[in-house]
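# Summary of the model geometry
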Amino acid sequence: MIRVRGLVKRFGGDIVLDGIDLDVPEGALVALIGPSGCGKSTLLRCLNGLETPDSGEIEIDGERLGPGNAARLRGRVGMVFQSFNLFPHRSVLSNLTLAPRVVRHRSREQAEADARLALARVGLSGFESRAPATLSGGQQQRAAIARALAMAPRAMLYDEPTSALDPERVGEVLAVMRDLDAGGMTQVVVTHEMRFVREAADTVVVLDHGRVVESGPAAEVLAAPRDARTRNFLGSMQ
Ligand code: ADP
Ligand code: MG
């Protein structure tokens, strides 16, 4: 579903992504881990067309990402951020219908029907008319996931989706990603929730200084990391 070859991204003189290769098969849940500043967010932003690579290739669902189709492909890849980013002055339902109506020219009826289905998938049926500020952090993040789902994406990207949540709210967001995984959604998750990675991810990819230093089945990589940089990083997580 997602194929990356030789991806390079520089900011000023700094090489932030230094030749990344990545394959995300359809239906996989891939965890992206690594120390702060190693390039995880930049990689996700490149996959979503929010950053333009300096070189290398990105293919989404068989289509090469380039200047001509970045906006269209962005709609195929949903992105969820640490800080929810719901529109504060719109109801939950209106948060979900805005992009489908404006970008996809859906009718109000169709957009609302799709939005209700997306809310049901994240366990938020009945929250349609609520203002985002009246929801808990976990509910807001689930609404943000539903907003991405309402665009019918081919894949979902999450950048530390539980890092801003109270500990007792983390599980409900992880549970949504597990449900989507069970339903066959392709997902890439940047997270520090190592138990979730071990239990739910198919593959873990370890980044360090803009390079993939190790990747493989999550249980294997976490139990017996081969690279010293992976061992250092996992040691720092305890
Ligand atoms: P991570 O998400 O793994 O913590 P990031 O992808 O956010 O890492 O950042 C990787 C490096 O790129 C960091 O050194 C960061 O300061 C730098 N960086 C990220 N975005 C920008 C930007 N827009 N301009 C300049 N430097 C940036
Ligand atoms: Mg980051």
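For clarity, every value in this text was computed on a predicted model and none was experimentally measured.

## Concerning the site of ligand 1
All residues adjacent to ligand 1 are F11, V16, G34, S36, G37, C38, G39, K40, S41 and T42. At 3 residues, helix 1 (residues 40–47) tops the list of elements feeding residues into the shell around ligand 1. In terms of residue class, the shell around ligand 1 is made up of 3 nonpolar, 6 polar and 1 charged.

## Here's the deal with the pairing of strand 6 (residues 77–80)
Covered by surrounding structure in strand 6 are V77 and M79 together with G78 and V80, the residues of both alternating faces. Of the strand pairs in this sheet, strand 6 and strand 7 (residues 155–159) are connected by 4 bridges, and their pairing is parallel. Following the sheet pairing, V80 is matched in strand 7 by Y158.

## Topic: the sheet that holds strand 1 (residues 2–11)
Overall, antiparallel pairing links the 4 strands, which are arranged 2-1-4-5 in an open sheet. Each edge of the open sheet carries a strand with a single partner, namely strand 2 (14–24) and strand 5 (63–64). Where strand 1 lies against strand 2, 8 bridges are found, and the strand directions are antiparallel. For L7, the partnering residue across the bridge sits in strand 2 and is I20.

## Observations concerning the sheet that holds strand 6
The pairing of strands in a sheet happens through backbone hydrogen bonds and is either parallel or antiparallel. If you walk across this open sheet you meet the 6 strands as 6-7-8-3-9-10, and the pairing is mixed. Edge positions in the sheet fall to strand 6 and strand 10 (211–217), since each of these pairs with one other strand and no more. Taking each pair of neighbouring strands and ignoring which way they run, the sheet shows an average axis angle of 15 degrees.

## Observations regarding the environment of P225
Here P225 lies in the loop between helix 8 (218–223) and helix 9 (228–236). The class for P225 is buried, based on 20 C-beta atoms found within 10 Å. The sequence separation of P225 and V206 amounts to 19 residues, and the corresponding C-alpha distance is 10.0 Å. The residues touching P225, leaving out its near neighbours within four places in the chain, are E214, T230, R231 and L234.

## Quick look at the UniProt feature "domain: ABC transporter" (unreviewed entry) in the chain
Under the present numbering, the feature "domain: ABC transporter" (unreviewed entry) in UniProt falls on residues 2–234. Counting secondary structure, residues 2–234 comes out at 37% helix and 26% strand; the distance between its end C-alpha atoms is 26 Å.

## Quick look at unusual backbone geometry
Unlike most non-glycine residues, D61 shows phi in positive territory, near 50 degrees. Considering the arrangement of structural elements, one finds D61 in the loop between strand 4 (55–60) and strand 5. Residue class for D61 comes out partly exposed when judged on the 14 C-beta atoms lying within 10 Å of it. Phi at F84 takes a positive value of approximately 45 degrees, unusual for a residue other than glycine. By the element assignment, F84 lies in the loop between strand 6 and helix 3 (92–102).

## Points about the packing of helix 3 against helix 5 (residues 137–149)
Where helix 3 contacts helix 5, the axes come no closer than 8 Å and their chain directions differ by 25 degrees. Relative to helix 5, the element helix 3 is oriented roughly parallel. The element helix 3 and its partner helix 5 pack so that their crossing is right-handed. Note on element contacts: helix 5 touches helix 3 through A143, A146 and R147, opposite V92, N95 and L96. Residues that form the contact of helix 3 with helix 5 fall into these classes: 4 nonpolar, 1 polar and 1 charged.

## Structural notes on the environment of I145
Within the element layout of this structure, I145 appears in helix 5. Using a count of 24 C-beta atoms within 10 Å as the deciding quantity, one classes I145 as buried. As a C-alpha pair, I145 and R76 span 69 residues in sequence and 14 Å in three-dimensional space. Residues within four places of I145 in sequence aside, it is in contact with V80, V122 and V176.

## Things to note about helix 4 (residues 108–121)
Under the 1.5 Å per step criterion, the end-to-end length of helix 4 is 20 Å for 14 residues, consistent within 8% with the ideal 20 Å. If you follow the buried residues of helix 4, they end up packed against helix 3 and helix 5. A positive backbone phi angle near 75 degrees is found at G123, which sits one or two residues after helix 4.

Calculation criteria
- Residues numbered from 1 in each chain as written.
- Chains lettered and ligands numbered in written order.
- Predicted model: local features only at pLDDT ≥ 70, side-chain atom pairs only at ≥ 80, totals over all residues.
- Near = placed C-beta within 6 Å.
- Helix = DSSP H or I, 4+ residues; strand = E, 2+ residues; numbered from the N terminus.
- Nonpolar A, V, L, I, M, F, W, Y, C, P; charged D, E, K, R; others polar.
- Buried ≥ 20, exposed ≤ 12 C-beta atoms within 10 Å, placed from the backbone.
- Pairing = 2+ DSSP bridges.
- Axes fitted to C-alpha atoms, helices over the stretch in contact; angles between N-to-C directions.
- Contact = placed C-beta atoms within 7 Å.
- UniProt positions renumbered as here; feature names shortened; annotations may be inferred.
- Parallel < 35°, antiparallel > 145°, perpendicular 65-115°, else oblique.
- Left-handed = near helix turned anticlockwise from the far one by under 90°.
- Expected span 1.5 Å × (residues − 1).

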